[in-house]
Amino acid sequence: MPNKKVEIDAPDWCKGCGICIYRCPVDVLELKEGKIAITKPDNCIGCEMCELICPDFVLKVVEK
Amino acid sequence: MANPDINKYYRRNKLPHIWCPGCGHGIITGAIVRAIDQAGLDQDKTVVISGIGCSGRAPGYLKFDTLHTTHGRALAFATGVKMANPELNLIVITGDGDGAAIGGNHLIHACRRNINITTVMYNNSIYGMTSGQFSPTTPTGSLATTAPYGNIDTQFDVSNLAMAAGATYVGRSTSYHVRELIDLITNGIKHQGFSFIEAVTHCHTQFGRKNDLGGPMEMMEWQKENYIPVKAWAKLSAAEKEVKKTRGLLKEEEREEYTDKYLALIKQVQAGEEKNG
Ligand SMILES: Cc1ncc(C[n+]2csc(CCOP(=O)(O)OP(=O)(O)O)c2C)c(N)n1
Ligand code: SF4
Ligand code: SF4
Ligand code: SF4
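Not measured: the values here are computed from a predicted model. (Residues numbered from 1 in each chain as written. Chains lettered and ligands numbered in written order. Predicted model: local features only at pLDDT ≥ 70, side-chain atom pairs only at ≥ 80, totals over all residues. Heavy atoms only, no water.)

Engineer: Give a description of the packing of aromatic side chains that names residues and reports values.
Structural biologist: The geometry of two aromatic rings is summed up by the distance between their centres and the angle between their planes. Summed over all chains, the structure comprises four aromatic pairs over all chains. Aromatic side chains Phe 57 of chain A and Tyr 10 of chain B sit 4.4 Å apart centroid to centroid with 25° between the ring planes, which places their arrangement in the stacked category. You can see Phe 57 of chain A sitting in the loop between α2 (49-53) and β4 (59-63) and its partner Tyr 10 of chain B sitting in the segment before α1 (24-39), one on each of two chains. Overall, Tyr 10 of chain B belongs to the buried group, its relative accessible area being 2%. Centroid distance Trp 222 of chain B to Tyr 227 of chain B: 6.3 Å. Interplanar angle 70°. Geometry classified as edge-to-face. On the accessibility criterion, Trp 222 of chain B (49% relative accessible area) is partly exposed. When its relative accessible area of 8% is taken as the criterion, Tyr 227 of chain B is described as buried. (Phe/Tyr/Trp six-rings, centres within 6.5 Å; stacked < 30°, edge-to-face > 60°. Helix = DSSP H or I, 4+ residues; strand = E, 2+ residues; numbered from the N terminus. Buried < 20%, exposed > 50% of the residue type's maximum accessible area, 1.4 Å probe, protein only.)

Engineer: So, the interface of chain A and chain B: which residues are in play, and what are the values?
Structural biologist: Contacts between chain A and chain B engage 20 residues on the former and 29 residues on the latter. Of the roughly 2,200 Å² buried between chain A and chain B, counting both surfaces, carbon and sulfur atoms make up 62%. When the area that chain A buries against chain B is broken down by residue, the three leading residues are Trp 13, Leu 52 and Phe 57 of chain A, summing to 32%. For the interface between chain A and chain B, the tally reads two salt bridges. Between Arg 34 of chain B and Glu 51 of chain A there is a salt bridge, and its shortest N-O distance comes to 2.7 Å. Linking chain A to chain B there are 10 residue pairs in polar contact (both at pLDDT 80 or more). Put simply, the parts of the chain that give the side of chain A that touches chain B at least two residues each are α1 (19-23), α2 and β4 of chain A. Along the lines of polarity and charge, the residues of the side of chain A that touches chain B split into 12 nonpolar, one polar and seven charged. (Contact = heavy atoms within 4.5 Å. Buried area = accessible area lost by both parts, 1.4 Å probe. Salt bridge = Lys/Arg side-chain N within 4 Å of Asp/Glu carboxyl O. Polar contact = N/O pair within 3.5 Å; in protein donor to acceptor, adjacent residues only side chain to side chain. Nonpolar A, V, L, I, M, F, W, Y, C, P; charged D, E, K, R; others polar.)

Engineer: Tell me what's going on with the side chain of Ser 159 of chain B, and back it up with residues and numbers.
Structural biologist: Residues and elements named next belong to chain B. With respect to the helices, strands and loops of the structure, Ser 159 is situated in helix α5 (residues 158-165). Residue class for Ser 159 comes out buried when judged on its relative accessible area of 0%. Apart from the residues within four sequence positions on either side, Ser 159 is in contact with Val 170, Gly 171, Arg 172, Phe 196, Glu 198 and Leu 250.

Engineer: Help me get a handle on the site of ligand 2, residues and values and all.
Structural biologist: Around ligand 2 sit Val 6, Cys 24, Pro 25, Val 26, Val 28, Cys 44, Ile 45, Gly 46, Cys 47, Glu 48, Cys 50 and Val 61 of chain A, and that is every residue in its neighbourhood. Here the shell around ligand 2 is built from residues that sort into 10 nonpolar, one polar and one charged. (Near = heavy atom within 4 Å.)

Engineer: Pulling in residues and values, what's your account of the site of ligand 1?
Structural biologist: Residue and element names in this part refer to chain B. As a structural note, the neighbourhood of ligand 1 is formed by 17 residues, with His 25, Cys 54, Gly 97, Asp 98 and Gly 128 the closest of them. Within the contact set of ligand 1, an oxygen atom lies 2.9 Å away from a backbone nitrogen or oxygen of Gly 97. With respect to ligand 1, the backbone of Ile 126 contributes an N or O atom lying 3.0 Å from an oxygen atom. Summarising the interface, the protein chains cover 73% of the accessible area of ligand 1, which totals 590 Å² for the free molecule. In terms of residue count, helix α3 (residues 96-102) provides more of the shell around ligand 1 than any other element does, four residues in total. Here the residues of the shell around ligand 1 are counted per class, giving six nonpolar, nine polar and two charged. (Areas by Shrake-Rupley, 256 points an atom, 1.4 Å probe, with all protein chains shown as cover.)

See below:
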């Protein structure tokens, strides 16, 4: 089991670009009304790609 | 890699930033913050300096001593800060217009002097802020507001320029290859001497739209296909080498650093004066 998971740290800053979804290797994230949402948290492998690639510093991958 | 404390490096009250949705400038700025953290710099002894452009806005969001200077002159200001305070860590943020066009002169001389400054050029191949004029890194044939029939200039390879001018650490990566970018900036910061990191990125709003390249995702896919690790690039055919570019560490060498030389000279002159009364 991965020991990290994604969290939405600053939801208001999300501009709905979808880059995190494009780079996530599994199916975790979705846009809901133009803002990012974690719809399948159990799929998250804690790889940190979404945190590193989000141009708006919205996401954080934290210890479980 | 992720530090739960990473938020301490942002001026959170200034965010969200002004950049377009999906702009690569945010990815590079995040990479710089992580590199500063990985390199273990003291936040109170680190100065981030920029010129003008979309890229120039980055230091305004970063919680360090920062200077937002005039167009092209970030390296001139940074040289002054470093000469007066050699103990400070200097990071310069520039654009391809800011650093290779109006500021190209400052860039080559900072390289030549080998002054201990880490420069990250946000290279989006266009003047983003002023709505899409061609820059020295715009590919030949591409469209721009100032090249409505295609750019006739020869494109500058700014990493080659920095290497030829004497930078002692040069690396190139892209907004797609963010992990590699973070490592290159980290090692550039640790390097004693002038470090130049070319961060290739996408401006879908100006360059992408004018040249029909799609949005951020399509432009990042293009980077993925066209920027090749140095060793793999060397094995490409001559025709492929014309199109594809290298990424990774391009140069690393040791040479005496400029402020060290300057301080040594001061010591030497003062010792001579004492001796001669
Ligand atoms: C002396 C001077 N000349 C021209 C300008 C107008 N100007 C502002 S930003 C810019 C170009 C910025 O392009 P680049 O450095 O590539 O940054 P980007 O916006 O693409 O990040 C220009 C020409 C200026 N501000 N000052
Ligand atoms: S940490 Fe990795 S797996 Fe989890 S949401 Fe982010 S990109 Fe997807
Ligand atoms: S990358 Fe960031 S700004 Fe873009 S949709 Fe994902 S969370 Fe929102
Ligand atoms: S104009 Fe281009 S460089 Fe400027 S914020 Fe928009 S996408 Fe980014």
